[in-house]
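Descriptive structure summary
Below are the chains, spelled out letter by letter.
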Amino acid sequence: MDLNNYSTFRVAASDLNGQMRGKVVPSSYATKLSSGAVRLPLSALNVDLWGFDIEDSPLVFETGDADGMLFPTDRAAMPTPWLAKPSAIVPMVMSNEDGTPFAGDPRHALMRVLAQYEAKGWQVVAATEMEFTLVDDSGDTPTAPKDPRNGLPLDGPEVLSVSQMDAFAPFFDDLYDGAEAMGIPAETSTSEAGVGQFEVTMRHGNALEAADNAWLFKTLVRGL
């Protein structure tokens, strides 16, 4: 993907909660990514579930909220199907000022664990089942989603219901199209036990790639 085709694109790393933290940058940054030109506070990847600095974190006041450097992962730039204007996102990892991996980056943490398996001659294969709940957020308080067929709120679970999957077919069509565009190996999708709850399974593979896929898929679902 040629990042120069876009006026801007996104660079982002994963925080401890699997949220994307990063920046929107102009197309001129395409040639600078491998040099560490994109910087981000180290504390940005170590926030709590609500996005606030963790209380008494040594990464904030104690160190002057120092910056780290973002570098591209081995995952290529990919489109962002949830945005109205075509753009792209480049997955990144955080390094310290001296270029060493930042210990607070969860991707680096996983790589350290996997390296221990590799040292023993083992390969970790993993897959994920991604469950999510659709809600109707058109009012002041999110509620159960409305059945597109009749406009009524769903009033109960429909376990493994093909009919319910068909009702939400436009959403899942967009989801599969987006996953394919982003290189996410989404496989089967089903309705689950909760009201408005669904599940999509990922194809098994290299554990680091599986973690990347789960992170990107979450972003795709939220965006759509």
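Everything below is about the structure printed above this text.
Below or above, wherever it landed, is the structure these notes cover.

Overview of the nonpolar core
Buried together is how nonpolar side chains tend to be arranged in soluble globular proteins. Ranked by size, the top nonpolar core spans 25 residues in total, and within it Phe 132, Phe 172, Leu 175 and Phe 217 carry the most contacts. Elements represented by at least two residues in this core include exactly strand E8 (129-133), helix H2 (162-167), helix H3 (169-182), strand E10 (197-202) and helix H4 (207-223). Top element by residues in this core is H4. It accounts for six residues. Discounting residues that sit within four places of it in the chain, Phe 172 has contacts with Phe 132, Met 165, Ser 189, Phe 198 and Val 200. If you look at the next biggest cluster of nonpolar residues, it comprises 19 residues, including Tyr 6, Leu 40, Leu 70 and Met 94.

Topic: the sheet that holds E8
Taken in spatial order, the three strands make up an open sheet running E8-E10-E9, and their pairing is antiparallel. Where the open sheet ends on each side, the last strands, each with one partner, are E8 and strand E9 (186-191). Taken over all neighbouring pairs, the strand axes of this sheet differ in orientation by 20 degrees on average, direction set aside. Taken together, the four bridges between E9 and E10 define a ladder with antiparallel strand orientation.

Overview of the pairing of E10
Across the six residues of E10, six count as buried, placing the element largely inside the fold. Burial along E10 is two-sided: Gln 197, Glu 199 and Thr 201 and Phe 198, Val 200 and Met 202, pointing in opposite directions, are all buried. Two elements, E8 and E10, share five bridges in a ladder whose sense is antiparallel. Within the sheet, the bridge partner assigned to Met 130 lies in E10 and is Val 200.

Here's the deal with the layout of surface pockets
When its volume is computed, the largest pocket comes out at roughly 190 Å³. What lines the largest pocket is a set of 14 residues, and nearest its centre among them are Ser 14, Arg 107, Ala 211, Asp 212 and Trp 215. Within the residue set of the lining of the largest pocket, elements represented by two or more residues are strand E1 (8-14), helix H1 (106-119) and H4. Looking at which element gives the most residues to the lining of the largest pocket, the answer is H4, with four residues. Along the lines of polarity and charge, the residues of the lining of the largest pocket split into seven nonpolar, three polar and four charged. Roughly 160 Å³ of internal volume is contained in the second largest pocket. Lining the second largest pocket are Phe 132, Thr 133, Leu 134, Val 135, Asp 137, Pro 145, Phe 168, Phe 171, Val 221, Arg 222 and Leu 224. At the level of secondary structure, the elements contributing two or more residues to the lining of the second largest pocket comprise E8 and H4. Taken together, the residues of the lining of the second largest pocket sort by class into eight nonpolar, one polar and two charged.

With respect to H1
Helical geometry note: an α-helix holds 3.6 residues per turn, so side chains three or four residues apart project in the same direction. A rise of 1.5 Å per residue sets the reference length of H1, with its 14 residues, at 20 Å; its end C-alpha atoms lie 20 Å apart and thus fit the reference within 8%. Burial in H1 covers these residues: Arg 107, His 108 and Leu 114. Seen end-on, H1 carries its buried residues on one side only, within an arc spanning 120 degrees. Looking at H1, the residues exposed on the side facing more than 90 degrees away from the buried face are Gln 116 and Ala 119. For H1, the elements touching its buried residues are strand E6 (88-95) and H4. Sitting at the head of H1, Asp 105 places a side-chain oxygen 2.8 Å from the backbone nitrogen of Arg 107. Positive backbone phi, approximately 80 degrees, marks Gly 121, located one or two places after H1.

Considerations on the packing of aromatic side chains
Tallied over the entire structure, the rule returns eight aromatic pairs. Measuring from centroid to centroid gives 6.2 Å for Tyr 117 and Trp 122, while their planes differ by 50 degrees, and the two rings are tilted. A relative accessible area of 35% means that Tyr 117 is categorised as partly exposed. Each ring, one from Phe 132 and one from Phe 217, has its centre 6.5 Å from the other, and the planes form 55 degrees; the classification is tilted. A residue pair is termed long-range when its members are at least 10 positions apart, and Phe 132 in strand E8 and Phe 217 in helix H4 qualify at 85 residues. Of the two residues examined, Phe 132 and Phe 217, each falls in the buried class. Taken together, the ring pairs in this structure connect Phe 132, Phe 168, Phe 171, Phe 172, Phe 198 and Phe 217 into an aromatic cluster. For the cation-ring pair, Lys 32 lies above Tyr 29, with the distance from its terminal atom to the ring centre recorded as 4.7 Å. The residue whose ring lies beneath Lys 120 is Trp 122, and the NZ or CZ to ring-centre distance is 5.9 Å.

Rules used throughout
- Residues numbered from 1 in each chain as written.
- Predicted model: local features only at pLDDT ≥ 70, side-chain atom pairs only at ≥ 80, totals over all residues.
- Heavy atoms only, no water.
- Core = buried A, V, L, I, M, F, W, Y, C linked by side-chain atoms within 4.5 Å.
- Buried < 20%, exposed > 50% of the residue type's maximum accessible area, 1.4 Å probe, protein only.
- Helix = DSSP H or I, 4+ residues; strand = E, 2+ residues; numbered from the N terminus.
- Contact = heavy atoms within 4.5 Å.
- Pairing = 2+ DSSP bridges.
- Axes fitted to C-alpha atoms, helices over the stretch in contact; angles between N-to-C directions.
- 1 Å grid on protein atoms, 1.4 Å probe; cavity = no way out; pocket = protein on both sides within 12 Å on 5 of 7 lines; lining within 4 Å.
- Points joined across faces, edges and corners; volume = space filled by probe spheres on them.
- Nonpolar A, V, L, I, M, F, W, Y, C, P; charged D, E, K, R; others polar.
- Expected span 1.5 Å × (residues − 1).
- Arc of directions from axis to C-beta.
- Polar contact = N/O pair within 3.5 Å; in protein donor to acceptor, adjacent residues only side chain to side chain.
- Phe/Tyr/Trp six-rings, centres within 6.5 Å; stacked < 30°, edge-to-face > 60°.
- Lys NZ or Arg CZ within 6 Å of the ring centre and 35° of its normal.

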